[in-house]
Amino acid sequence: MKKGVMRPGHIQIRVLDLDEALAHYRDLLGLIEVGRDSQGRAYLKGWTEVDKFSVVLREADTAGMDFMGFKCVSETVVDSLREELIAFGCSVTDVPAGELDGCGRRVRFTAPSGHDFELFATKEQTGKWGLAARNPEAWPRDLKGMKATRFDHCLLYGTNLDQTWDLFRDVLGFDMAEQVMTPDGKRVGQFLTASMKAHDLAFIDHAEPGKFHHASFFLETWEDVLRAADLISMTDTSIDIGPTRHGLTHGKTIYFFDPSGNRNEVFCGGDYHYPDHPPVTWDADQLGKAIFYHDRVLNERFLTVLT
């Protein structure tokens, strides 16, 4: 049952050098830098996104993800879900409005996987970048790099996948679109959606909690993914794998790393999900084909390089 969580709203990523990170996320990925704050954090967005920002970069001593935020339909929903999170047993922190520039109050909680998430309902809306709200053109003419359209989802590695699924299903109203199962019935991968997308968030079972695998950004076409591969080579950016196709979700994809070692993905296509769709199930011994449909094997970096 849907609980009023609409979609991913933002992610705060730790980077080792802010200037290097901006050259990557702004100039290569093509996100638009929309501002800095008094803490020195940089704010960015994809050109189709209506809200003021979706990516926050924070310079730190270690790379990784600080938190991922989900936008809810109203402040009333945030209040209701806050109480349900507490009843579920989550540690909850209230973050005041304005702590992120242009964003209202947030409710932060830690999932059983060890990751921090947030719920919010209010954020300044600045519209699609370079396009009028009335009679808009097809696209802005001054886009850079890969021309990423939006922040789409995260893949996270952590513990307690069953309890994490209980939380996202029963409290937050997510559906499970796809899953990876071992022969003895253990779920070791789960791809969750709050919408019609193939996934808004995914988890892989891992011995260490709270690890960040990748943030993903949507492109419009397969040709855009191939062009992204060219740009990765042109800029000597560290590549993980691709271009290729997923078995899971059927998206066309390429993976690469920012200068701090955080993994990024750009992709296009992918399946859709309605609430009456049963989860697609992959056997764990087919995980290579599930992740990299063409090669049918997982490279070591994809399994072990986490931040």
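Structure: see above.
Presented here is an overview of the structure given in this document. (Residues numbered from 1 in each chain as written. Predicted model: local features only at pLDDT ≥ 70, side-chain atom pairs only at ≥ 80, totals over all residues. Heavy atoms only, no water.)

Looking at the sheet that holds strand β16 (residues 263-269)
Hydrogen bonds along the backbone pair up the strands of a sheet, which may run parallel or antiparallel. The sheet built from nine strands is open, its strands ordered β14-β15-β16-β13-β9-β12-β11-β10-β17 with mixed pairing. At either margin of the open sheet sits one strand with a lone partner, and together these are β14 (239-245) and β17 (280-283). The sheet shows a mean angle of 15° between the axes of neighbouring strands, taken without regard to direction. As paired elements, strand β10 (residues 175-181) and β17 share four bridges and run parallel to each other. (Pairing = 2+ DSSP bridges. Helix = DSSP H or I, 4+ residues; strand = E, 2+ residues; numbered from the N terminus. Axes fitted to C-alpha atoms, helices over the stretch in contact; angles between N-to-C directions.)

With respect to the packing of aromatic side chains
As enumerated under the stated definition, the model contains twelve aromatic pairs in all. A centroid spacing of 4.9 Å and a plane angle of 80° characterise the contact between Tyr-43 and Phe-53, whose relative ring orientation is edge-to-face. You can see Tyr-43 sitting in strand β3 (residues 42-45) and its partner Phe-53 sitting in the loop between β3 and β4 (55-59), a full ten residues away along the chain. There is no split in this pair, since Tyr-43 and Phe-53 are both buried. Each ring, one from Phe-168 and one from Phe-174, has its centre 5.1 Å from the other, and the planes form 85°; the classification is edge-to-face. Since its relative accessible area comes to 0%, Phe-168 is described here as buried. Phe-174 gets classed as buried once you look at its relative accessible area, which sits at 2%. Through successive ring pairs, a cluster of aromatic residues spans Phe-70, Phe-109, Phe-117, Phe-168, Phe-174 and Phe-203. A cation over an aromatic ring shows up here: Lys-123 above the ring of Phe-53, its NZ or CZ 3.9 Å from the ring centre. Looking at Arg-150, its charged tip hangs above the ring of Phe-218, at a distance of 4.2 Å from the centre. (Phe/Tyr/Trp six-rings, centres within 6.5 Å; stacked < 30°, edge-to-face > 60°. Buried < 20%, exposed > 50% of the residue type's maximum accessible area, 1.4 Å probe, protein only. Lys NZ or Arg CZ within 6 Å of the ring centre and 35° of its normal.)

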